[in-house]
Amino acid sequence: MGSGEPNPAGKKKKYLKAALYVGDLDPDVTEDMLYKKFRPAGPLRFTRICRDPVTRSPLGYGYVNFRFPADAEWALNTMNFDLINGKPFRLMWSQPDDRLRKSGIGNIFIKNLDKSIDNRALFYLFSAFGSILSCKVVCDDNGSKGYAYVHFDSLAAANRAIWHMNGVRLNNRQVYVGRFKFPEERAAEVRTRDKATFTNVFVKNFGDDMDDDKLKELFSEYGPTESVKVIRDSSGKSKGFGFVRYETHEAAQKAVLDLHGKSIDGKVLYVGRAQKKIERLAELRRRFERLRLKEKSRPPGVPIYIKNLDETIDDEKLKEEFSSFGSISRAKVMVEVGQGKGFGVICFSSFEEATKAVDEMNGRIVGSKPLQVTLGQARRRW
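The model shown is predicted, which means the values in this text are computed figures rather than measured ones.

Cut-off values and rules
- Residues numbered from 1 in each chain as written.
- Predicted model: local features only at pLDDT ≥ 70, side-chain atom pairs only at ≥ 80, totals over all residues.
- Heavy atoms only, no water.
- Helix = DSSP H or I, 4+ residues; strand = E, 2+ residues; numbered from the N terminus.
- Buried < 20%, exposed > 50% of the residue type's maximum accessible area, 1.4 Å probe, protein only.
- Contact = heavy atoms within 4.5 Å.
- Areas by Shrake-Rupley, 256 points an atom, 1.4 Å probe, with all protein chains shown as cover.
- Pairing = 2+ DSSP bridges.
- Axes fitted to C-alpha atoms, helices over the stretch in contact; angles between N-to-C directions.
- Phe/Tyr/Trp six-rings, centres within 6.5 Å; stacked < 30°, edge-to-face > 60°.
- Lys NZ or Arg CZ within 6 Å of the ring centre and 35° of its normal.
- Core = buried A, V, L, I, M, F, W, Y, C linked by side-chain atoms within 4.5 Å.
- Lys, Arg positive; Asp, Glu negative; His and termini not counted.
- Salt bridge = Lys/Arg side-chain N within 4 Å of Asp/Glu carboxyl O.
- Arc of directions from axis to C-beta.

Caption draft 1: Representation of the overall build of the protein in the model. Along its length, the protein carries twelve helices and 24 strands. Per-residue burial for the protein yields a buried fraction of 36% across its 382 residues. Long-range pairs, those at least 24 residues apart, make up 62% of the contacts in the protein between residues at least 6 apart in sequence. About 22800 Å² of surface is accessible on the protein, with carbon and sulfur atoms providing 51% of the total.

Caption draft 2: Broad picture of the sheet that holds strand 6 (residues 90-93). Taking strand neighbours across the sheet as the criterion, the four strands line up as 2-3-1-6 in an open arrangement whose pairing is antiparallel. Edge positions in the sheet fall to strand 2 (44-51) and strand 6, since each of these pairs with one other strand and no more. Neighbour-to-neighbour, the strand axes of the sheet open up by a mean angle of 20°, direction not taken into account. In this sheet, strand 3 (residues 58-66) lies alongside strand 1 (residues 19-23) in antiparallel orientation, the contact comprising four bridges. Bridge pairing links Val22 to Gly62 in strand 3.

Caption draft 3: Representation of the sheet that holds strand 13 (residues 200-204) in the model. The four strands lie next to each other as 14-15-13-18, forming an open sheet whose pairing is antiparallel. With one partner strand each, in any of the chains shown, strand 14 (225-232) and strand 18 (270-273) form the two edges of the open sheet. Each strand axis lies, on average, 20° off the axis of its neighbour in the sheet, ignoring direction. Relative to strand 18, strand 13 runs antiparallel, the two being bridged by four bridges. Paired with Val203 across the strands is Val271, a residue of strand 18. Along the sheet face, helix 9 (residues 249-259) touches strand 13, strand 15 (238-246) and strand 18 and points at about 150° away from the line of strand 18.

Caption draft 4: Region of interest: the side chain of Asp310. Mapped onto the elements of the fold, Asp310 is located in the loop between strand 19 (302-307) and helix 11 (315-322). Contacts of Asp310, omitting those with residues within four sequence positions, involve Val366, Gly367, Ser368 and Lys369.

Caption draft 5: Quick look at unusual backbone geometry. One non-glycine residue, Asn172, lies in the positive phi region at around 65°. Along the polypeptide, Asn172 turns up in the loop between strand 10 (169-170) and strand 11 (173-174). Positive phi, normally seen in glycine, also occurs at Asn308, with a value near 65°. Residue placement: Asn308 occurs in the loop between strand 19 and helix 11.

Caption draft 6: Looking closely at the pairing of strand 9 (residues 143-152). Relative to strand 9, strand 7 (residues 107-111) is paired through five bridges, and the arrangement is antiparallel. Along strand 9, the bridge assignment pairs Phe109 with Tyr149. The pairing of strand 8 (residues 132-140) with strand 9 spans seven bridges and is classified as antiparallel. Among the inter-strand pairings, Lys136 is bridged to a residue of strand 9, identified as Tyr149.

Caption draft 7: Expanded view of the packing of aromatic side chains. Considering all chains together, one arrives at 17 aromatic pairs under this definition. Residues Tyr147 and Tyr149 carry aromatic rings whose centres are separated by 6.2 Å and whose planes lie at 90° to one another, so their mutual orientation is edge-to-face. Taking the relative accessible area as the measure of exposure, Tyr147 reaches 25% and is therefore partly exposed. For Tyr149, a relative accessible area of 28% gives the class partly exposed. The ring centre of Tyr176 lies 5.2 Å from the NZ or CZ of Lys111, which sits over that ring.

Caption draft 8: Examining the nonpolar core more closely. In this structure, Ile108, Ile110, Leu122, Phe126, Val150 and Phe152 are the most contacted members of the largest nonpolar core, which totals 23 residues. If you list the elements that add at least two residues to this core, you get strand 7, helix 5 (119-126), strand 8, strand 9 and helix 6 (155-165). Counting residues per element, this core draws most heavily on helix 6, which supplies five residues. With sequence-adjacent residues up to four places away left out, Ile108 is seen in contact with Phe126, Ala148, Tyr149, Val150, Phe152, Ala158, Ala161, Ile162, Val177, Gly178, Arg179 and Phe180. Counting 21 residues, the second-largest nonpolar core is a separate cluster that includes Leu215, Val230, Ala255 and Leu259.

Caption draft 9: Local environment of the side chain of Asp71. The residue Asp71 is located in helix 3 (residues 69-79) in this model. We note that Asp71 is buried and unpaired, the nearest opposite charge coming from Arg39 at a distance of 7.3 Å. With sequence-adjacent residues up to four places away left out, Asp71 is seen in contact with Ala41, Gly42, Pro43 and Phe66.

Caption draft 10: Spatial organisation of helix 9. Turning to helix 9, its buried residues number three or more, namely His249, Ala251, Ala252, Ala255, Val256 and Leu259. Mapping the buried residues of helix 9 onto a view down its axis gives an arc of 165°, with all of them on the same face. Facing away from the buried side of helix 9, by more than 90 degrees, are the exposed residues Glu250 and Leu257.

Here is the structure:
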């Protein structure tokens, strides 16, 4: 590329440096309102309010794209936490590459904050230690929940903030400032610590006739208890699970080892260490991620299921028998130790092709057996 030719990559990089993220927006804020607010800072390319792709309702954040990086920087330094529609907004550089955010590098966690400390106060308190990418006091309808996050652009800045601010009294409250930890990491720490010290036991899969007294009688054999509770619904009916808190870890551990898997009135008990909320959330995230990856690995299309397959039918033969009905993205005969299990699945590219195959192939004899063909649940209908 000659020196006189434009450099698209360089232009794109410069463009991205002139983009600001605007958060904590009132739901009624529009692109035009953003434009009018930021236009005095310098020429704009465009403004955008991010919306739900289905309902088109605003998500509470958007972007302001300046023509020149210097104008964007001026707006960031002078307009952060200004008001639109009476509500203060948060500004930060737009980060199209979210690897830094996902890495957690430079991110710190603050707790035990006084409710009077808002985003603006937090920003100015911690900006002395380095350049801040984002900061946020976590709030609900009643205001601050007493904890916050600050993300610096470097690990060194985060370490300085932790060193100088951890244990400092802010508005007569001693704050904790430490390294940000992802939920899975915190859950692992809780799990490791509680395995050695737990006293609270979770019990499930018992009958409807189980009450607090019966549960206490069953578990008191292993040591003195502090509390025993069968969880019930609004009508007073047992939900089939409860909690037992012992005075000592040794008693709780003994109860888990002895009662887990024991049959009581024909039901096999589950007895284990009661998990903290952070552990349960982390487990739900792991379960969701496994399901997401499993779903992602499935081929697209509309599946049909075939039962009563002849033992001689393999993947290729199955695909050949159904190929006249349309485009097939997958044909699979389920096998076990090299032997067909008598059923399989075929994915067609459209709902119409799949239904045609079901109509014409159900009951047809292939090999020596009549097929049983049913329509599966489509992941998408093209």
